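These are the residues of each chain, in order.
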Amino acid sequence: MLFWLTELSDGGDVFNLFRYITFRAGGAFLTALIFGFIFGPPLINVLRRHQGKGQPIRTDGPEGHFIKAGTPTMGGLLIVGALLTSTLLWARLDNPYIWMVLFVTMSFAAIGFADDYAKVAKQNSAGVSGKVRLLLGFIIAGVAGFWAATYHPAELSYELALPVFKDTLIHLGMFFVPFAMIVIVGSANAVNLTDGLDGLAIMPVMIAASTLGVIAYAVGRVDFTDYLDVHYVPGTGEILIFTAGIVGGGLGFLWYNAPPAAVFMGDTGSLALGGALGAIAVATKHEIVLGIVGGLFVVEALSVIIQVLYFKRTGKRVFLMAPIHHHYEKKGWAEPQIVIRFWIISLILAIIGLATLKVR
């Protein structure tokens, strides 16, 4: 919205600053951060007042989680609100990729909100049916995949780009949209599974979003793509503003989610943020890189899949408990130890993901 102030510029005044994506990204970060600090306490009070017993704690979960009983959930509303406000304020609203990632984020937030509300209302961990969640998620992701393919350059539309092998494009044709659906829904659910300890999910999300934001900015500039020898996707640079909003809103939320958490993110936040990461990867043609940058989320999801399949086949468990962060809890690791070590892993994977921009 504030980009329109450039119409008042003569090329050498303060209004000219709004032409620069980096300046507006900084504004989005600060807006989202301040939003979190201002609206965090009142939102937590409202959630605590209306949720009574707070998020239900699984009886079969780690024993240390029982002390968290009564903690309100749906804290993702704070992140989503900060992200939406900062993006609408600072991004160019004539950019189709901005609306695509916002569509995915808000739609998955709505699914998560319904799931959180059902859990709190019924005071059990069942929530909305998993089949319904997946069906709605795939519909949303299908729309987003077709949306992205429509606005991609003709030479990239319906193609899969590979990191490192930068001259290689795999033509997916009609299978591109299903592929995008798997990326977005998989990302949303992987982040959702990771959100099991105080502060565990939000920092890796911010790290991944920052990395994808840099990639989006790079592939949206023809001079950068020439130097890095990556595919040019015009318009994606604006996504840096969106990711800056994720980081600012995430930090604002982490202030209240740091151990011991005053509020949980809930599915409202985890599904929204995971879907957002997947949508950014599809928009920028870096779906494979998302698997590297978000490797922690991939491992968390795989640990659940492996556990379920192995248990159904043998009646035994590979992990003491899945997702894998609970396995380490069962082994006696302290919660902050797990969280910080997983943050470090996320940072390492993000650096590796960024390195693929130049590796050939």
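Numbers given for residues are sequential positions, taken from 1 along each chain in its written order. In view of the model being predicted, local features appear only for residues whose pLDDT reaches at least 70, and side-chain atom pairs are presented and counted only at 80 or more, with totals across whole chains, interfaces and linings using the full set of residues. With hydrogens and water set aside, each side-chain value is computed from the structure's full complement of heavy atoms.

> Pulling in residues and values, what's your account of the overall build of the protein chain?
In DSSP terms, a helix is any run of H or I states spanning at least four residues, a strand is any run of E spanning at least two, and both are numbered starting from the N terminus. Secondary structure assignment for the protein chain yields 13 helices and two strands. With C-alpha atoms as the basis for the radius of gyration, the globule rule is written as 2.2 Å multiplied by the number of residues raised to the power 0.38. Relative to a compact globule of 360 residues, whose C-alpha radius of gyration would be 21 Å, the protein chain shows 20 Å and is just as compact. Its C-alpha atoms give the protein chain principal-axis dimensions of about 60 × 45 × 35 Å. Contacts: residue pairs with any heavy atoms within 4.5 Å of one another. Restricting to contacts in the protein chain with at least 6 residues of sequence separation, those with at least 24 account for 74%.

> Talk me through the packing of helix α11 (residues 295-314) against helix α13 (residues 335-355); I want residue IDs and the actual numbers.
At their nearest, the axes of α11 and α13 sit 8 Å apart, and the two run at 125 degrees to each other. The pairing of α11 with α13 is recorded here as oblique in orientation. Contacts from Gly295, Leu296 and Glu300 of α11 reach α13 at Phe342, Ser346 and Leu349. Each residue gets one label: Ala, Val, Leu, Ile, Met, Phe, Trp, Tyr, Cys and Pro are nonpolar, Asp, Glu, Lys and Arg are charged, and the others, such as Gly, are polar. Here the residues of the contact of α11 with α13 are counted per class, giving three nonpolar, two polar and one charged. Here an angle of 0 to 180 degrees is reported between the N-to-C directions of two axes, which are lines fitted to C-alpha atoms, with helices fitted over the stretch in contact. By definition in this entry, angles of less than 35 degrees are roughly parallel, angles greater than 145 are roughly antiparallel, angles of 65 to 115 are roughly perpendicular, and the rest are oblique.

> So what's going on with the nonpolar core? Residues and values would help.
Residues belong to one nonpolar core when they are buried, are Ala, Val, Leu, Ile, Met, Phe, Trp, Tyr or Cys, and are joined through side-chain atoms within 4.5 Å. Classification of residues uses two cut-offs on accessible area relative to the type maximum, computed with a 1.4 Å probe and protein chains only: under 20% is buried, over 50% is exposed, and between them is partly exposed. Of all hydrophobic cores here, the largest spans 88 residues; its most connected members are Met100, Val104, Phe108, Ile202, Phe242, Ile246 and Leu277. For this core, the element with the most residues is helix α6 (residues 202-219), which contributes 13 residues. With residues up to four places along the chain from it excluded, the contact list for Ile246 reads Leu83, Val205, Met206, Ala209, Leu273 and Ala276. Counting residues in each nonpolar core, the second largest holds eight residues, with Leu296, Phe319, Val339 and Phe342 among its members.

> Help me get a handle on the packing of aromatic side chains, residues and values and all.
Working definition: a ring pair exists when centres of Phe, Tyr or Trp rings (six-membered ring for Trp) sit within 6.5 Å. Plane angles under 30 degrees give stacked, over 60 give edge-to-face, the rest tilted. Evaluated as defined, the whole model comprises eleven aromatic pairs. Seen from their ring centres, Phe103 and Trp147 are 5.8 Å apart, and the 40 degrees between their planes marks the pair as tilted. Of this pair, Phe103 sits in helix α3 (residues 96-122) while Trp147 sits in helix α4 (residues 130-151), placing them 44 residues apart in sequence. A relative accessible area of 27% places Phe103 in the partly exposed class. Taking relative accessible area as the criterion, Trp147 reaches 24% and is therefore assigned partly exposed. Seen from their ring centres, Tyr217 and Phe224 are 5.8 Å apart, and the 85 degrees between their planes marks the pair as edge-to-face.

> With reference to specific residues and values, describe empty space enclosed by the protein.
Of the two site types, the cavity is a set of points on a 1 Å grid over the protein atoms alone where a 1.4 Å probe fits but cannot get out, and the pocket is an open set with protein on both sides within 12 Å along at least five of seven lines, each lined by residues with an atom within 4 Å of a point. Grid points are joined across faces, edges and corners, and a volume is the space filled by probe spheres set on the points. Across all of its chains, the model carries two cavities of 30 Å³ or more by this definition. The computed volume of the largest cavity comes to approximately 130 Å³. Together, 13 residues line the largest cavity, and Ala161, Leu162, Pro163, Lys285 and His286 are the ones closest to its centre. Of the residues forming the lining of the largest cavity, the biggest block, three residues, is contributed by helix α10 (residues 287-293). Per-class residue counts for the lining of the largest cavity are seven nonpolar, three polar and three charged. Size it by volume and the second largest cavity reaches roughly 30 Å³. The wall of the second largest cavity is formed by Leu43, Ile44, Leu47, Gly75, Leu78, Phe253, Tyr256 and Val263. Mapped onto the lining of the second largest cavity, the elements with two or more residues apiece are α1 (21-51) and α8 (239-257).

> Pulling in residues and values, what's your account of the pattern of salt bridges?
By definition, a salt bridge exists where a carboxyl oxygen of Asp or Glu is found within 4 Å of a side-chain nitrogen of Lys or Arg. This structure, assessed with the given rule, holds seven salt bridges. Two residues, Asp115 and Lys119, come together in a salt bridge whose shortest N-O distance is 3.2 Å. Taken together, the residues Asp115 and Lys119, both in helix α3 and four residues apart, mark about one turn of the helix. We classify Asp115 as buried; its relative accessible area is 0%. For Asp223, the salt bridge identified is with Arg221, shortest N-O distance 2.7 Å. Here the residues in one salt-bridge network are Asp115, Lys119, Arg133 and Asp267, joined through shared partners.

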